[in-house]
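The chain contents come next:
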Amino acid sequence: METTFALPVRLLSLWNGRWVRRAAWVAGLLLLLGALRLTVFRPSLLPVSVFRAARGRVEETVTNSKAGSVRSRHRATLSSEVGGRVAELPVRKGDHVRRGDVLMRVASADYRAQVSLQEGALAAARAAGAESCRAAELAERDLARNRELARERLVSAELLDQLQTRRDGAAAACEAAVARVRQAEAAVEVARVNLEKTVLRAPFDGIVAEVTTEVGEWITPSPPGLPIPPVIVLLDDQTTYVSAPMDEVDVGKVRVGQSARLTMEAYPGRSFAGRVTRVAPYVQDVEEQNRTFEIEVEFADGAFARTVVTGSSADVEVIQDARDGVLRIPGDALIEGGKVLVVREGRLVSRAVRTGLKNWQFAEVVAGLEAGDMVVVSLDRAGVREGARVSVEAETSK
């Protein structure tokens, strides 16, 4: 009996051992595949940046279509009214001057000589005029005496006519002499005016922005119709403002007196309060399809405005409306259809929102979100869509 059943028992034992090893190998392979799926082959999470919806201030603004410029209301490009050699140049770029201060003198010897010459001619004309008028007075008295004698028939009518003719000629000579005196006085005044033109004075208080000549150089006044570059540019640093072009679609939104915010590349990260002081009454169409209208904005801080360099670029935001303490999100977090993508349990979920005021930075959320909701702002990243598995890599504050 033992010999009869020994072989089957041995074969069964061998089969069971092989099966156990195969089962163990298969189980190990399955465990390895599962581990690889959970690690190496597991889909990676998409990193996104989010903004937590929070309460704050939202403004509705109108911005300039192109960069504006800092300007001065008083800007004078000055040149001498007469030609000549520059004799004095007491100012340099950056100097502050007062109204009436001398900016430049042109050599004036010729003009002084003209004044002396005309003053001499005036003195001669006055002397000649005095002599002529005394002769006229004498002729008038002589005529009066002879008229008395003529009444007594002691003087002939012919002599009386001669005396009257002489009186009239002397009176005319006196009037002509008086006219020559006035003419000589005018010539003196012209010479003095020309002499004064050799001195260039500041027309207002300001700062010298440019000087393009030097002592000893010859300057020429600008003839009519032919502009010549000025020798001195004067700016009034007390009247600084910003001029900015606005898109024509906003022409009905901007009004004088509205508050504005100014930003400049020279002061990164800062903004300055201002007020609209002028709105152009017309739309410019210098370039077709690019129609704009100009506005002027003054700085609220006059002391700071005096430190701003004229010619600097500046951007303007005219504030139409503002609300404080409202739920807000970045304006660029909105996607087509008035929706946003919100991170929920590691996935992106689409949420429809209703907005109120908005500008380029923030949008007011009237409905659809709650404070603290994580709204995706990195919408330009590939793979960002509803249902995607994500991880939050950064939170932004604006």
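Check the entry above for the structure.
Residues numbered from 1 in each chain as written. Predicted model: local features only at pLDDT ≥ 70, side-chain atom pairs only at ≥ 80, totals over all residues. Heavy atoms only, no water.

Chemist: An account of the overall build of the chain is requested, with residue identities and associated values reported.
Modeler: If you tally the helices and strands in the chain, you get four helices and 23 strands. Buried residues in the chain amount to 33% of all 398 residues. Accessible area of the chain: about 24700 Å², with a carbon and sulfur share of 53%. (Helix = DSSP H or I, 4+ residues; strand = E, 2+ residues; numbered from the N terminus. Buried < 20%, exposed > 50% of the residue type's maximum accessible area, 1.4 Å probe, protein only. Areas by Shrake-Rupley, 256 points an atom, 1.4 Å probe, with all protein chains shown as cover.)

Chemist: I'd like to hear about the environment of phenylalanine 51, residue by residue, with values.
Modeler: As for its placement among the helices and strands, phenylalanine 51 is situated in strand β1 (residues 46-52). Note: C-alpha distance between phenylalanine 51 and isoleucine 329 (278 residues apart in sequence) is 7.1 Å.

Chemist: Just give me the short version of the state of the cysteines, but keep the residues and values in it.
Modeler: Covalent bonding between the sulfur atoms of two cysteines is what defines a disulfide. Evaluated as defined, the whole model comprises one disulfide. In this model, cysteine 133 is linked to cysteine 174 through a disulfide, with the two sulfur atoms separated by 1.9 Å. Residues cysteine 133 and cysteine 174 are joined through a disulfide that is right-handed, its torsion about the S-S bond being 85 degrees. Of the two residues, cysteine 133 is situated in helix α2 (residues 109-151) and cysteine 174 in helix α3 (residues 157-196); the sequence distance between them amounts to 41 residues. Per residue, the accessibility class of cysteine 133 equals that of cysteine 174, and both read buried. (Disulfide = S-S within 2.5 Å.)

Chemist: Please provide a residue-by-residue account of the sheet that holds strand β11 (residues 232-235), values included.
Modeler: Two modes of strand pairing occur in sheets, parallel and antiparallel, and in both the strands are linked by backbone hydrogen bonds. Sheet architecture is open: four strands sit in the order β4-β11-β9-β6, paired in antiparallel fashion. Where the open sheet ends on each side, the last strands, each with one partner, are β4 (75-78) and β6 (96-97). Both β4 and β11 contribute to a ladder of four bridges, which runs antiparallel. The partner of alanine 76 across the bridge, within β11, is leucine 234. (Pairing = 2+ DSSP bridges.)

Chemist: Let's hear about the nonpolar core: which residues, and what values?
Modeler: Of all hydrophobic cores here, the largest spans 21 residues; its most connected members are Met264, Ile295, Phe299 and Val316. When residues of this core are traced back to their parent elements, those giving at least two are β12 (240-247), β13 (259-263), β14 (272-279), β16 (290-299), α4 (302-305) and β17 (313-330). Counting residues per element, this core draws most heavily on β16, which supplies four residues. Counting residues in hydrophobic clusters, the runner-up holds 18 residues, among them Leu78, Val97, Ala202 and Ile219. (Core = buried A, V, L, I, M, F, W, Y, C linked by side-chain atoms within 4.5 Å.)

Chemist: How would you explain the sheet that holds strand β10 (residues 218-219) if you had to name every residue and give the values?
Modeler: The antiparallel open sheet is built from four strands, whose spatial order is β8-β7-β5-β10. Both outer strands of the open sheet, β8 (199-201) and β10, are each paired with one neighbouring strand and no more. Taken together, the two bridges between strand β5 (residues 84-88) and β10 define a ladder with antiparallel strand orientation. Across the sheet, residue glycine 84 finds its bridge partner in β10, namely isoleucine 219.

Chemist: Quick rundown of the side chain of threonine 240? Include the residues and the values.
Modeler: For threonine 240, the location among the structural elements is in strand β12. Overall, the relative accessible area of 8% leaves threonine 240 in the buried class. A distance of 3.4 Å separates a polar side-chain atom of threonine 240 from the backbone oxygen of alanine 305. Ignoring any residue separated from it by four or fewer positions in sequence, one finds threonine 240 in contact with Val70, Arg71, Phe299 and Ala305. (Polar contact = N/O pair within 3.5 Å; in protein donor to acceptor, adjacent residues only side chain to side chain. Contact = heavy atoms within 4.5 Å.)

Chemist: Tell me about the layout of surface pockets, residues and numbers included.
Modeler: Considered as a void within the structure, the largest pocket measures approximately 270 Å³ in volume. Lining the largest pocket are 12 residues, with Arg261, Ser271, Glu317, Trp360 and Gln361 sitting closest to its centre. When residues of the lining of the largest pocket are traced back to their parent elements, those giving at least two are β2 (54-63), β13 and β17. Counted by class, the lining of the largest pocket contains two nonpolar, four polar and six charged residues. (1 Å grid on protein atoms, 1.4 Å probe; cavity = no way out; pocket = protein on both sides within 12 Å on 5 of 7 lines; lining within 4 Å. Points joined across faces, edges and corners; volume = space filled by probe spheres on them. Nonpolar A, V, L, I, M, F, W, Y, C, P; charged D, E, K, R; others polar.)

Chemist: So what's going on with the pattern of salt bridges? Residues and values would help.
Modeler: Tallied over the entire structure, the rule returns 20 salt bridges. In this structure, glutamate 210 and lysine 93 form a salt bridge, with 3.9 Å as the shortest nitrogen-oxygen distance. Of this pair, glutamate 210 sits in strand β9 (residues 206-211) while lysine 93 sits in the loop between β5 and β6, placing them 117 residues apart in sequence. Looking at lysine 93, the relative accessible area reads 54%, which means it is exposed. A single salt-bridge network, built from bridges that share partners, covers Arg57, Glu59, Arg261, Glu317 and Asp324. (Salt bridge = Lys/Arg side-chain N within 4 Å of Asp/Glu carboxyl O.)

Chemist: Lay out unusual backbone geometry in plain terms, naming residues and giving numbers.
Modeler: Within the chain, glutamate 345 stands out as a residue other than glycine whose phi angle is a positive 50 degrees. The residue glutamate 345 is located in the loop between β18 (339-344) and β19 (347-352) in this model. Residue classification places glutamate 345 among the exposed positions, given a relative accessible area of 84%.

Chemist: Summarise the environment of serine 79; cite the residues concerned and give the values.
Modeler: With respect to the helices and strands, the residue serine 79 is situated in the loop between β4 and β5. Given the relative accessible area of 30%, serine 79 is considered partly exposed. Between the C-alpha atoms of serine 79 and threonine 220, which are 141 residues apart in sequence, the distance is 8.5 Å. Discounting chain neighbours no more than four positions away, the residues touching serine 79 are Leu200, Pro229, Pro230 and Val231.

Chemist: How would you sum up the packing of aromatic side chains? Please name residues and give values.
Modeler: Going through the model one piece at a time under the given rule, you end up with five aromatic pairs. On the numbers, 4.3 Å between centres and 15 degrees between planes, the contact of phenylalanine 272 with phenylalanine 304 is stacked. Of this pair, phenylalanine 272 sits in strand β14 while phenylalanine 304 is found in helix α4, placing the two residues 32 residues apart along the sequence. Taken as a pair, phenylalanine 272 and phenylalanine 304 share a single burial class, namely buried. Consider the rings of phenylalanine 299 and phenylalanine 304, whose centres lie 5.7 Å apart with planes at 70 degrees: the pair is edge-to-face. The pair formed by phenylalanine 299 and phenylalanine 304 is uniform in burial state, with each residue classed as buried. Here arginine 73 stacks its cationic end above the ring of tyrosine 241, 4.2 Å away from the centre of that ring. Of note, arginine 328 hangs over the ring of phenylalanine 362, and the distance from its end group to the ring centre comes to 3.8 Å. (Phe/Tyr/Trp six-rings, centres within 6.5 Å; stacked < 30°, edge-to-face > 60°. Lys NZ or Arg CZ within 6 Å of the ring centre and 35° of its normal.)

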